Amino acid sequence: MSHLYESELNALKRSGRYRERKLIDPELIDAASNDYLGLAHNPHLHAKACETLSHYDEHAPKASMLVNGYHPIHAAFEKALCDANGFEAGIVMGSGFNANVGLIEALVRKGDLLLMDEEYHASGIAGARMCEGEVVFFTHNDPESLKEGLSRAGGRRTIVAVEGIYSMGGDRLDRDIIELAMAHGALLILDEAHSSGVIGEHLMGILDYYDIPPTPLMIKMGTLGKAYGSFGAYVLSSQHISDYLINRAKNVIYATAPSLYDTALAHHALEYIQTHVQELKASISLRQSIVREVLGIECAGLIVPIEIGDNRQVMQWQTWFRENLGMQVGAIRQPTVKRAIIRLIIRLDIEESVLRSACERFRAIWVK
């Protein structure tokens, strides 16, 4: 029997949860990807990254960071990230998924307590399943539920894992959760994949937004494949935590170091963000106001979740956007979300007039 998983695939098809890969269509307006600032289309950043690489004999890292793969391009970007975010130390990593799994598996040891938001990314949940400590999921973005979980710590080392902006709901982390973790002396992991580059006075993410200086008990994980228009991830922390991860995080020890091109590209993207803060913030605010005015949805960042509820209907709506508006949107189904949603990303590459027209045409049919 060659089709060992036929029954499982058929079950996914019956429930409307079957997934397929499709090549990108450059003719469609991209309102599905996480390239929030449109930097993945910026030719000047690409040229700068290539120019940076031209100064070195090698164009690939060749090995693990702990063998022979730690490159000046990596070190320069880590320093720039620390300077921009106020952390002592940083480690660039292969991807956000890779970083979350390695980070959580390494930090949560036997006897520890991990308190994780129930809507934390699947990568963090995968890491939690691999760790040796007790794992408790608290009610999404609920300080009271976290407080109850913290009461179970009983002097144990405690780690709290939350997101700055949640990837599916698009909602912003409650400030009280940060303050609760600080008050209880818990190690706080902030997954800033969808908030770094999008919110904050300097567009550096949730701590920047709330004007909370990093402490030695805070860890910031960010990705490069979203607002930074590249690929990879980073973890910022105290020097103590960074030293520990270099010695215990399997994704650092056993994986080839991140791409030099992608790291250089992200470094130039960071510099672009830092030198265009006001312009970018104005563009973000304008798109948020269009969605608020037309669809009545408040956006913490650039994610607009539109609840549809049915797996098959959400695929039909995705087709409607593509065929009627020439726009690609995300159709997110269970189990990724509790109820199926259209996930509209109001990227800065989308012209305001196009975004307004799309929202108005969608609202006219959606309401009916």
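Bear in mind the structure is a predicted one, so any value in this text is a computation, not a measurement. (Residues numbered from 1 in each chain as written. Predicted model: local features only at pLDDT ≥ 70, side-chain atom pairs only at ≥ 80, totals over all residues. Heavy atoms only, no water.)

A. View of the overall build of the protein chain. Scanning the protein chain for helices and strands turns up 15 helices and 11 strands. The C-alpha atoms of the protein chain give 21 Å as radius of gyration, which agrees with the globular expectation for 368 residues (21 Å, within 12%). Dimensions of the protein chain along its principal axes, counting C-alpha atoms only, are 55 × 55 × 50 Å. Taken over 368 residues, the protein chain has a buried fraction of 53%. In the protein chain, the proportion of contacts linking residues at least 24 apart, taken out of those at least 6 apart, comes to 72%. Entry remark: accessible area of the protein chain is about 17400 Å², with carbon and sulfur atoms responsible for 51%. Measuring between centres, the 36 positive side-chain charges of the protein chain sit 6 Å from its 46 negative side-chain charges. (Helix = DSSP H or I, 4+ residues; strand = E, 2+ residues; numbered from the N terminus. Rg over C-alpha atoms; globule rule 2.2 N^0.38 Å. Buried < 20%, exposed > 50% of the residue type's maximum accessible area, 1.4 Å probe, protein only. Contact = heavy atoms within 4.5 Å. Areas by Shrake-Rupley, 256 points an atom, 1.4 Å probe, with all protein chains shown as cover. Lys, Arg positive; Asp, Glu negative; His and termini not counted. Charge placed at Lys NZ, Arg CZ, Asp CG, Glu CD.)

B. Looking closely at the nonpolar core. Ranked by internal contacts, the top residues of the largest apolar core, which has 116 residues, are Leu37, Val160, Val162, Ile178, Ile189 and Leu245. It is helix α12 (residues 260-275) that provides the largest number of residues to this core, a total of 8 residues. Sequence-distant contacts of Ile189, that is, excluding residues within four places in its chain, are made with Leu103, Ile104, Leu107, Tyr120, Ile159, Val160, Ala161, Val162 and Ile219. (Core = buried A, V, L, I, M, F, W, Y, C linked by side-chain atoms within 4.5 Å.)

C. Broad picture of the sheet that holds strand β8 (residues 233-237). Read across the sheet, 7 strands follow the order β2-β8-β7-β6-β5-β3-β4 without closing on themselves; strand pairing throughout is mixed. The open sheet terminates on both sides in strands that have one partner only, identified here as β2 (89-93) and β4 (134-138). Ignoring which end each strand starts from, the neighbouring axes of this sheet average 20° apart. Sheet topology note: the β2/β8 ladder contains 5 bridges and is antiparallel. The residue of β8 that forms the bridge with Ile91 is Val235. (Pairing = 2+ DSSP bridges. Axes fitted to C-alpha atoms, helices over the stretch in contact; angles between N-to-C directions.)

D. Up close: the environment of Ala84. Mapped onto the secondary structure, Ala84 falls in helix α4 (residues 72-85). Exposure remark for Ala84: the relative accessible area of 22% places this residue in the partly exposed category. Spatially, the C-alpha atoms of Ala84 and Leu265 are 16 Å apart, while their sequence positions differ by 181 residues.

E. Region of interest: the packing of aromatic side chains. Within this structure, the stated rule accounts for 6 aromatic pairs. Here the aromatic rings of Tyr209 and Tyr210 are separated by 5.1 Å at their centres, their planes lie at 75°, and the arrangement is edge-to-face. Taking 5.6 Å as the distance between ring centres and 75° as the angle between the ring planes, the aromatic pair formed by Trp317 and Trp320 counts as edge-to-face. Here the residue Trp317 and the residue Trp320 both occupy positions in helix α14 (residues 311-325), the gap between them amounting to 3 residues, near one helical turn. Judged by its relative accessible area of 14%, Trp320 falls in the buried class. (Phe/Tyr/Trp six-rings, centres within 6.5 Å; stacked < 30°, edge-to-face > 60°.)

F. Layout of the packing of helix α2 (residues 43-53) against α12. Where α2 contacts α12, the axes come no closer than 8 Å and their chain directions differ by 125°. When the interaxial angle is binned, α2 and α12 end up oblique. For the element pair α2 and α12, the recorded crossing hand is right-handed. Where α2 abuts α12, its residues Leu45, His46, Lys48, Ala49, Cys50, Thr52 and Leu53 lie against Leu260, Tyr261, Ala264, Leu265, His268, Ala269 and Tyr272. Along the lines of polarity and charge, the residues of the contact of α2 with α12 split into 10 nonpolar, 3 polar and 1 charged. (Parallel < 35°, antiparallel > 145°, perpendicular 65-115°, else oblique. Left-handed = near helix turned anticlockwise from the far one by under 90°. Nonpolar A, V, L, I, M, F, W, Y, C, P; charged D, E, K, R; others polar.)

G. Inspection of the pattern of salt bridges at higher detail. Per the counting criterion, the structure on display carries 17 salt bridges. Where Lys79 meets Asp83, a salt bridge forms, and the shortest distance between an N and an O atom there is 2.9 Å. Residue Lys79 and its partner Asp83 are located together in helix α4, separated by 4 residues, close to a single helical turn. When sorted by exposure, Lys79 lands in the same class as Asp83, which is exposed. Asp112 is the salt-bridge partner of Arg157, the closest N and O atoms lying 3.0 Å from each other. Note that Arg157 is positioned in the loop between α7 (143-150) and β5 (158-163) and Asp112 in the loop between α5 (96-107) and β3 (113-117), a separation of 45 residues in sequence. In the salt-bridge network here, residues are joined through shared partners; they are Asp30, Asp35, Arg347 and Asp349. (Salt bridge = Lys/Arg side-chain N within 4 Å of Asp/Glu carboxyl O.)

H. Molecular detail of α12. Between the first and last C-alpha of α12 there are 23 Å, a value that for 16 residues agrees with the 22 Å anticipated at 1.5 Å per step. The buried fraction of α12 is high, at 12 of 16 residues. Along α12, the residues classified as buried are Leu260, Asp262, Thr263, Ala264, Leu265, Ala266, His267, His268, Ala269, Leu270, Tyr272 and Ile273. For α12, the N-terminal capping position is held by Ser259, with its side-chain oxygen 3.3 Å away from the main-chain nitrogen of Tyr261. (Expected span 1.5 Å × (residues − 1). Polar contact = N/O pair within 3.5 Å; in protein donor to acceptor, adjacent residues only side chain to side chain.)

I. Spotlight on a nonpolar patch on the surface. Where nonpolar side chains cluster on the molecular surface, the patch consists of Leu4, Tyr5, Leu9 and Tyr18 and spans about 430 Å² of accessible area. For Leu9, the location among the structural elements is in helix α1 (residues 6-14). For Leu9, a relative accessible area of 38% puts it in the partly exposed group. (Patch = residues over 30% accessible without salt bridge, like charges linked within 9 Å, V, L, I, M, F, W, Y side chains within 5 Å.)

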